[in-house]
Amino acid sequence: MNRWLCPLAAALLSLGLVAATAYAIDPLPFKDRAEEVRFQQLTRQLRCLVCQNQDLADSDADLARDLRKQVFDLMREGKTDAEIKQFLVARYNDFVLYDPPLKPGTWLLWFTPFALVAIGALALLRILRRRARAAVGESVLRQAGPMQNSEEEDW
Amino acid sequence: MSRLLPLLAFFALVGLLGFGIWWNKHHEMNEVPSPLIGKPAPEFTLPLLYDSAQSLSKRDLLGKPYLINVFGSWCVTCHEEHPVLMAEAKKLGVPLIGMAWKDPPADSRRWLEKFGNPYDQVVSDADGRMGIEFGVYGAPETFLVDAQGVIRYKRIGMLTPELIASELKPQLAKVRQATP
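All values derive from a computational prediction rather than experimental measurement.

Visitor: Please clarify how the overall build of chain A should be interpreted in this entry.
Guide: The secondary structure content of chain A amounts to 5 helices and 0 strands. The N-to-C order of helical and strand elements in chain A reads α-α-α-α-α. Per-residue burial over chain A gives 12% buried out of 155 residues. Counting only contacts in chain A whose residues sit at least 6 apart along the sequence, the fraction spanning at least 24 positions is 39%.

Encoded structure:
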């Protein structure tokens, strides 16, 4: 069994690696490797508006190609990554960013998970406390006489 | 009480999921609201489709409200929308500017000759650069620009007679009221 699983896992893994490096390829005239890396990193943080679950680096949509060209031109104009993102946000909303910015409109998105964990922790604490109390009560009862029918609220 | 709590939590969850279903049904989920509404339309100067030596710019249009309809001969929904524009455009009382987006001018011209031209003027944005300035991400899209050159309304997707009556006309009335 193991003899089969290992090559299979390796094959799947390498597939994943291949997929990760398979960008939509444009003949953009990068001047060096550093510029290309910066371009790839930047476009991977930007969402394609047409295929909305793909990033700009990955998408083959026509508009994505135009936007990649736009990003490239802005880079050539000497704009910083933040300025390029701002350029796109001004036209297409925060939606173009894969990483939503922290602002009052996104508090719910950012903080709900923590709030839920806190609620869960509080509930757990309450249950544990009650059980501890019930256990103490039980041992007291056991000492006092035969055990009563103590129905525990157990959920 | 604490025995009821899980049940209440369950119903709250059901309520939340039900709300999600309702919300999805009543909203276009892949529609990205434009941040440009209420902001000045981008400065544009685009060549006229029928005379590329001449151009139309935002400045030429200042002073009265107008509509910009983004279309392309390659766009299936635009083809669907086209008869609506043919029937309704002249009744709206404001100029309708066609913007042939990411479309070779010859193709746009052929398309308009074949099906009719509902536009008062048509400009060509063949490389799609001005589309990006307007935050266009799929044709058809329609912008309402007021007399001061501010975008007041945007429709992503086709205009239907119902939408024109329920959304566009009230917006037009508002814009007209604000025009001296």
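Having seen it, we continue.
Visitor: Is there a simple way to explain the overall build of chain B in this structure?
Guide: Across its full length, chain B carries 6 helices and 7 strands. Along chain B, helices (α) and strands (β) appear in the sequence α-β-β-α-β-α-β-α-β-α-β-β-α when read from the amino end. In summary, chain B has a C-alpha radius of gyration of 20 Å against a globular reference of 16 Å for 180 residues, an excess of more than 25%. Expressed as lengths along the three principal axes of its C-alpha atoms, the size of chain B is roughly 80 × 40 × 30 Å. For chain B, the residues scored as buried account for 34% of the 180 residues in total.

Visitor: I keep staring at unusual backbone geometry and nothing clicks. Help me out?
Guide: Generally, phi is negative for residues other than glycine and the peptide bonds are trans, each holding for most cases. A cis amide bond links alanine 139 of chain B to the next residue, proline 140 of chain B, at an omega of -5°. Here asparagine 93 of chain A, not a glycine, exhibits a phi torsion of approximately 80°, which is positive. Positive phi, normally seen in glycine, also occurs at lysine 102 of chain B, with a value near 55°. With respect to the secondary-structure elements, lysine 102 of chain B resides in the loop between strand S4 (96-101) and helix H4 (105-115).

Visitor: Would you mind showing me how to read the domain arrangement of chain B here?
Guide: In terms of domains, chain B is made up of domain 1 (1-30) and domain 2 (31-178). Domain 1 of chain B and domain 2 of chain B are separated by 40 Å when their C-alpha centres are compared.

Visitor: Please clarify how helix H3 (residues 76-88) of chain B should be interpreted in this entry.
Guide: Three or four residues apart is the spacing at which side chains of an α-helix point the same way, because the helix has 3.6 residues per turn. Residue and element names in this part refer to chain B. The terminal C-alpha atoms of H3, which comprises 13 residues, lie 19 Å apart, in line with the 18 Å expected from a rise of 1.5 Å per residue. The largest bend along H3 reaches roughly 30° and is located at histidine 82, with the proline proline 83 sitting one to four residues downstream. Among the residues of H3, Cys78, Glu81, His82 and Leu85 are the ones counted as buried. The elements touched by buried residues of H3 are strand S3 (66-71) and H4.

Visitor: What exactly am I supposed to notice about helix H1 (residues 5-26) of chain B here?
Guide: Between its first and last C-alpha atoms H1 of chain B spans 31 Å; for 22 residues at 1.5 Å apiece the expected length is 32 Å, and the two agree. Of all 22 residues that make up H1 of chain B, 0 are buried, and the element is exposed over most of its length.

Visitor: How do you make sense of the packing of helix H2 (residues 33-44) of chain A against helix H3 (residues 62-76) of chain A when you look at a structure like this?
Guide: Each pair of packed helices gets described by two things: the angle between the helix axes and the distance between those axes. Residues and elements named next belong to chain A. At a minimum axis distance of 11 Å, the contact between H2 and H3 shows a crossing angle of 130°. Comparing their axes, H3 and H2 come out oblique. Crossing hand, H2 versus H3: right-handed. Contacts between H2 and H3 involve Phe39, Leu42 and Thr43 from the former and Arg68, Val71, Phe72 and Met75 from the latter. Partitioned by chemical class, the residues of the contact of H2 with H3 number 5 nonpolar, 1 polar and 1 charged.

Definitions and cut-offs
Each chain has its residues counted from 1, following the order in which its sequence is written. Working convention: letters from A go to chains and numbers from 1 go to ligands, in the order in which they are written. Note on the predicted model: pLDDT of at least 70 is required for a residue's local features to be given, and 80 or more for side-chain atom pairs to be given and counted; whole-chain, interface and lining totals, by contrast, use all residues. Secondary structure is summarised from DSSP: a helix means a run of H or I of at least four residues, a strand means a run of E of at least two, and numbering begins at the N terminus for each. Here exposure depends only on C-beta density: within 10 Å of a residue's C-beta, 20 or more other C-beta atoms make it buried, 12 or fewer make it exposed, and intermediate numbers make it partly exposed, the C-beta atoms being placed from the backbone. Contact definition: two residues whose C-beta atoms, as placed from backbone geometry, lie within 7 Å. Radius of gyration here uses only the C-alpha atoms, and the compact-globule reference equals 2.2 Å multiplied by the residue count raised to the power 0.38. All the domain ranges listed were derived from an automatic or database domain assignment. To estimate the expected span of a helix, subtract one from its residue number and multiply by 1.5 Å. Note on bend: the value at a residue is the angle between axes fitted to the seven residues ending there and to the seven starting there. A fitted line through C-alpha atoms serves as each axis, taken over the contacting stretch for helices, and the angle formed by two N-to-C directions is quoted from 0 to 180°. With respect to orientation, any angle under 35 degrees is reported as roughly parallel, any angle over 145 as roughly antiparallel, any angle of 65 to 115 as roughly perpendicular, and every other angle as oblique. Each crossing gets its hand from how the near helix is turned against the far one by less than a right angle, where anticlockwise is left-handed and clockwise is right-handed. Each residue is assigned to one of three groups, with Ala, Val, Leu, Ile, Met, Phe, Trp, Tyr, Cys and Pro labelled nonpolar, Asp, Glu, Lys and Arg labelled charged, and all others, Gly among them, labelled polar.

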